[in-house]
Amino acid sequence: MLNNNFRIPKFSIGIDMELIERFEKISLESHSNLLRRIFTQNELDYCFSKIDPAQSLCGRFCAKEAIIKAFSSLDQTVISFTDIEILHVDKKGPKAIIIGKQFSTDFLDRVEIKISISHTAQAAVSNALVVYWCDM
Amino acid sequence: MHEEKIKKIFAQAFEIPEEEVHDDIAYNSYQPWDSLKHLQLVSMLEEELGIEFEMDDIIDMSSYKKVREIVLKYLT
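Owing to the predicted nature of the structure, the values given are computational and were not obtained by experimental measurement.

*Asks:* An account of the overall build of chain A is needed here, citing residue identities and associated values.
*Replies:* Scanning chain A from N- to C-terminus turns up five helices and five strands. For chain A, the sequential pattern of α-helices and β-strands runs β-α-α-α-α-β-β-α-β-β. Relative to the globule expectation of 14 Å for 136 residues, the C-alpha radius of gyration of chain A, 15 Å, shows essentially globular dimensions. In terms of its C-alpha atoms, chain A occupies a principal-axis envelope of roughly 50 × 30 × 25 Å. Taking all 136 residues of chain A together, the buried fraction comes to 46%. Considering only contacts within chain A whose residues lie at least 6 apart along the sequence, 60% involve residues at least 24 apart. With the model as given, the accessible surface of chain A reaches about 7,600 Å², and the carbon-plus-sulfur share is 55%.

Below, the structure written as structure tokens:
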């Protein structure tokens, strides 16, 4: 954050909610193209290691959609699902990073993302806060 | 022939009869067409027609009419 001493933050939020049942019929074998349009290999490895992959897939989808919505209203760049990776961090909760190779170091240095994901038996929801540090 | 196939895939994606597919069905006004359904539609079109869309085209698919126009661009 040292580089942001002479910058001012622009804040944006996004939210998304989906029914988990929409992911229950999705499998690696029959929906490979769809899954790879949304998730990274690390995310797929993590989700399909779980007893209930649908819940993990749904939560991650919501988080990515919330981040995309937040970026959309910031109007700084267009970001897609596979430009974002949701990392699972025990106790501290999930963390989002930008992995798209097209983004410059300067851009990545200016962006901070915070997410929260929650589930019920039927649905997942996520909100995202994106901070973009502009030059003063 | 391509147009019939596009309509069939669209109907399958939204689980509606082909007769209900028309040009005015739009992302902003047709409730079942949300972001997940959009990606499912894109994946089905790519798999069944053997094409791969550019990201800008995926974003531009805002109605059935636009979907058809964009897909035909890849097929002709």
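Structure's up, so let's keep going.
*Asks:* Can you lay out the sheet that holds strand E4 (residues 111-119) of chain A for me, pointing to particular residues and giving the numbers?
*Replies:* Residue and element names in this part refer to chain A. Across the sheet, which stays open at both edges, the three strands sit in the order E1-E5-E4 with antiparallel pairing between neighbours. Sheet topology places strand E1 (7-19) and E4 at the edges, where each strand pairs with a single neighbour. On average, each strand axis in the sheet is inclined to that of its neighbour by 15°, with strand direction left out of account. For E1 and strand E5 (residues 123-135), the ladder comprises 13 bridges, and the chain directions are antiparallel. If you follow Ile 13 over to E5, its bridge partner there is Leu 129. Its contacts with the sheet put helix H4 (residues 53-74) on E1, E4 and E5, and the angle it makes with E1 is roughly 140°.

*Asks:* I'd like a description of the pattern of salt bridges, backed by residues and values.
*Replies:* Enumeration according to the criterion identifies twelve salt bridges over all chains in this entry. For the salt bridge of Asp34(B) with Arg22(A), the shortest nitrogen-to-oxygen distance reads 2.5 Å. Of this pair, Asp34(B) sits in the loop between helix H1 (2-14) and helix H2 (35-49) while Arg22(A) is found in helix H1 (residues 21-24), placing the two residues in two different chains. Taking relative accessible area as the criterion, Arg22(A) reaches 23% and is therefore assigned partly exposed. A salt bridge links Arg68(B) to Asp23(B), with the nearest nitrogen and oxygen atoms 2.6 Å apart. Of this pair, Arg68(B) sits in helix H4 (residues 64-75) while Asp23(B) sits in the loop between H1 and H2; the two residues are 45 residues apart in sequence, bridging distant segments of the chain. One connected set of salt bridges, linked through shared partners, spans Arg7(A), Asp106(A), Asp109(A), Arg110(A) and Asp135(A).

*Asks:* Could you give me a rundown of H4(A), with the residues and numbers involved?
*Replies:* Residue and element names in this part refer to chain A. With 22 residues, H4 should reach 32 Å at 1.5 Å per residue; the first-to-last C-alpha distance of 32 Å fits that figure. By the criterion of burial, H4 is predominantly enclosed, with 18 of the 22 residues buried. A positive phi of about 60° marks Asp 75, the residue just after H4.

*Asks:* Go over the UniProt feature "domain: 4'-phosphopantetheinyl transferase" (unreviewed entry) in chain A, please, and point to the residues and values.
*Replies:* Per the UniProt annotation, the sites labelled "domain: 4'-phosphopantetheinyl transferase" (unreviewed entry) are residues 12-107 of chain A. Within the segment residues 12-107 of chain A, helix and strand shares are 45% and 17% respectively, and the terminal C-alpha atoms sit 16 Å apart.

Rules used in this analysis
Residues numbered from 1 in each chain as written. Chains lettered and ligands numbered in written order. Predicted model: local features only at pLDDT ≥ 70, side-chain atom pairs only at ≥ 80, totals over all residues. Heavy atoms only, no water. Helix = DSSP H or I, 4+ residues; strand = E, 2+ residues; numbered from the N terminus. Rg over C-alpha atoms; globule rule 2.2 N^0.38 Å. Buried < 20%, exposed > 50% of the residue type's maximum accessible area, 1.4 Å probe, protein only. Contact = heavy atoms within 4.5 Å. Areas by Shrake-Rupley, 256 points an atom, 1.4 Å probe, with all protein chains shown as cover. Pairing = 2+ DSSP bridges. Axes fitted to C-alpha atoms, helices over the stretch in contact; angles between N-to-C directions. Salt bridge = Lys/Arg side-chain N within 4 Å of Asp/Glu carboxyl O. Expected span 1.5 Å × (residues − 1). UniProt positions renumbered as here; feature names shortened; annotations may be inferred.

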